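In case you want the letters, here they are:
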Amino acid sequence: MCDLSMDSGTIYVRERGSLRRVGDIVLAQPKPVSSCRRTNPFVLRKEHFIFTYNAEGSLRYTTKSLFDLTLLFVADNIHHVDSLVGFPEQIGDRLFAAAEENRVFSNTDISPKALQLFSDAYGQMVLGSLCLRNRFPLLHERMDEIKTFHSLKSLDLFGCRLGDDHEIFQHLTSTSLANLIQLFIGGNSMSDVGLQRLTAPIRMMKKGLDCLQLLDVSYNPISERALRYLTCLPKLEKLDVSGTSLKLGAGLKTTIWNLLGLICSEKPLDNFDHSRCKTEGWAEQVVNQWETNSSQMPKQKKIEESRTSALRFFGRQKFVREVLNTAPLVCEREEEAKRERLHFYRPAANSHIPEKQVPYPVNHQEKASWYNIKKRQRQPERCDSSHHSPPTKRSPSSALTAEDIELLNSY
């Protein structure tokens, strides 16, 4: 039961047989509805009627169903909804389409809460894969909304200029992306320090990216030293280090085999092909709408924002404009990049490793260091064996290097 006045005054809601008052809620005013991917663009919608034309060309109208009226009412006031958990998927799909049609997700004040509402209830159906390849402005402008997609299985951030210290690092290693399987962070000017900072929470707290199977760190200035930071990824099966400081050779093959258990692929792996990465889910059109609205922003507004940024950065107006209007990141030597791809993968348990992939002998000091790392990795597995004695207590400093301690102290 609901008692509504024309000026959207007091609201009464009946829940579980009891009537309660909902106070201090200002309902959204009805607004004209634009066409959307799930509606017929030739059907004009006005108030409570649908106007169409019959075969003879005469105008006719039909009333909307009570379900459609309720759906539009909830979509307009989606920011007042507490939870959608338990609602059927069909209702959620229709409600998301109605909210998208009313451009609710274009409002930066409402969209984060609305998207969080749908993500909590429907998870991967809202967005299971997100591709932001070379779309740096979109990542910067919609960071709050992007963080609400916590059921992603594939995330492409190639060429987004993350650098060594980006705010999204903390989100990537949080429990919000516990189901992430594929991560593309190539072409981001990320050095060994950036990879160390990204994996620090995983190595110290043993949480984050537990399901990650594919990692692309190509075209970043990382060295062989940074590979040890990837030992904290327990399910890593495919790795792309093309265009980095790593050079293919016996030493690199041995190092990656000893650290990660991966062997070099003679042919480029299809998993790292960009054509396979795309945005999928209910919010696919929402992401495209964000980018379209950003590109169609009035020129005067862009100039004002540029001036504001220039004042904020002490007169660096020209630099800010160049960053915002710069072209997507492209490999400088495309021919060389296509000729040499450094793709590594984990062989099947029953497969025979080719002779050229057999680890080469290393000196005793290097072998001892690799052995200690592998020994620390496999220690939790011994706790699950027939040995039921309690594990020996280790000092926290034994699992962290001096660089990790220094990085931890910097927080």
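Structure's up top.
Residues numbered from 1 in each chain as written. Predicted model: local features only at pLDDT ≥ 70, side-chain atom pairs only at ≥ 80, totals over all residues. Heavy atoms only, no water.

**Some details on the environment of Lys147**
Then step 1. Secondary-structure assignment places Lys147 in the loop between helix 5 (143-146) and strand 7 (154-156).
Then step 2. Placed 35 residues apart in sequence, Lys147 and Pro112 show a C-alpha to C-alpha distance of 8.6 Å.
Then step 3. Among residues more than four places away in sequence, those in contact with Lys147 are Glu167 and His171. (Helix = DSSP H or I, 4+ residues; strand = E, 2+ residues; numbered from the N terminus. Contact = heavy atoms within 4.5 Å.)

**A short note on unusual backbone geometry**
Excluding glycine, residues mostly carry a negative phi; peptide bonds, for their part, are mostly trans.
Then step 1. Look at Arg103: it is not a glycine, yet its phi comes out positive at around 60°.
Then step 2. Locating Arg103 in the fold gives a position in the loop between helix 2 (89-101) and helix 3 (111-122).
Then step 3. Arg103 sits in the partly exposed class, given a relative accessible area of 41%.
Then step 4. Here the phi dihedral of Lys206 falls at roughly 60°; this positive angle occurs in a residue that is not glycine.
Then step 5. Along the polypeptide, Lys206 turns up in the loop between helix 7 (192-205) and strand 9 (214-216). (Buried < 20%, exposed > 50% of the residue type's maximum accessible area, 1.4 Å probe, protein only.)

**Side note on the side chain of Thr244**
Then step 1. Position of Thr244 relative to the elements: it lies in the loop between strand 10 (238-240) and helix 8 (250-260).
Then step 2. A polar contact of 2.7 Å, which involves the side chain of Thr244, links it to the backbone oxygen of Val241.
Then step 3. At a separation of 3.3 Å, a polar atom in the side chain of Thr244 contacts the main-chain amide nitrogen of Leu246.
Then step 4. Non-local contacts of Thr244, meaning those with residues more than four positions away in its chain, are made with Val217, Ser218, Tyr219, Asn220 and Ile222. (Polar contact = N/O pair within 3.5 Å; in protein donor to acceptor, adjacent residues only side chain to side chain.)

**Section: the nonpolar core**
Then step 1. Counting residues in each nonpolar core, the largest one holds 71 residues, and the members touching the most others are Leu157, Leu215 and Leu239.
Then step 2. When residues of this core are assigned to their parent elements, the largest contribution, 5 residues, is made by helix 3.
Then step 3. With near-sequence residues (within four places) excluded, Leu239 lies in contact with Leu215, Val217, Leu227, Leu230, Leu260, Leu262, Phe272, Leu342, His343 and Phe344. (Core = buried A, V, L, I, M, F, W, Y, C linked by side-chain atoms within 4.5 Å.)

**Considerations on the sheet that holds strand 7**
Then step 1. The 7 strands are arranged 6-7-8-9-10-12-11 in an open sheet whose pairing can be described as mixed. At either margin of the open sheet sits one strand with a lone partner, and together these are strand 6 (129-131) and strand 11 (263-264).
Then step 2. In this sheet, strand 7 lies alongside strand 6 in parallel orientation, the contact comprising 3 bridges. Of the residues in strand 7, the one forming a bridge with Ser129 is Ser154. (Pairing = 2+ DSSP bridges.)

**Description of the packing of helix 2 against helix 3**
Then step 1. As a packed pair, helix 2 and helix 3 sit with axes 11 Å apart at the nearest point and diverge in direction by 160°. Judged on the interaxial angle alone, helix 3 and helix 2 are roughly antiparallel. Here helix 2 runs over helix 3; the crossing is left-handed. Counting all contacts with helix 2, which are made through Glu89, Gly92, Leu95 and Phe96, the residues of helix 3 involved are Leu115, Phe118 and Tyr122.
Then step 2. Residues belonging to the contact of helix 2 with helix 3 are distributed by class as follows: 5 nonpolar, 1 polar and 1 charged. (Axes fitted to C-alpha atoms, helices over the stretch in contact; angles between N-to-C directions. Parallel < 35°, antiparallel > 145°, perpendicular 65-115°, else oblique. Left-handed = near helix turned anticlockwise from the far one by under 90°. Nonpolar A, V, L, I, M, F, W, Y, C, P; charged D, E, K, R; others polar.)

**Quick notes on the pattern of salt bridges**
Then step 1. The full count for this structure, using the stated rule, is 6 salt bridges.
Then step 2. In this structure, Glu280 and Lys278 form a salt bridge, with 3.6 Å as the shortest nitrogen-oxygen distance.
Then step 3. According to the relative accessible area criterion, Lys278 is partly exposed, its value standing at 47%. (Salt bridge = Lys/Arg side-chain N within 4 Å of Asp/Glu carboxyl O.)

**Side note on the packing of aromatic side chains**
Then step 1. Under the definition given, this model contains 7 aromatic pairs.
Then step 2. Aromatic side chains Phe96 and Phe118 sit 5.0 Å apart centroid to centroid with 85° between the ring planes, which places their arrangement in the edge-to-face category. Of this pair, Phe96 sits in helix 2 while Phe118 is found in helix 3, placing the two residues 22 residues apart along the sequence. Taken individually, Phe96 and Phe118 each receive the classification buried, so the pair is uniform in this respect.
Then step 3. Here Phe158 and Tyr219 contribute two aromatic rings whose centre-to-centre distance is 6.3 Å and whose plane-to-plane angle is 80°, an arrangement assigned as edge-to-face. Here Phe158 is found in the loop between strand 7 and helix 6 (168-172), whereas its partner Tyr219 is found in the loop between strand 9 and strand 10, with 61 residues between them in sequence.
Then step 4. When its relative accessible area of 21% is taken as the criterion, Tyr219 is described as partly exposed.
Then step 5. In this structure an aromatic cluster arises from ring pairing among Phe96, Phe105, Phe118, Tyr122 and Trp282.
Then step 6. Sitting above the plane of the Phe158 ring, Arg133 keeps its charged end 3.9 Å from the centroid. (Phe/Tyr/Trp six-rings, centres within 6.5 Å; stacked < 30°, edge-to-face > 60°. Lys NZ or Arg CZ within 6 Å of the ring centre and 35° of its normal.)

Don't take any of this as a statement about function, it's just geometry.
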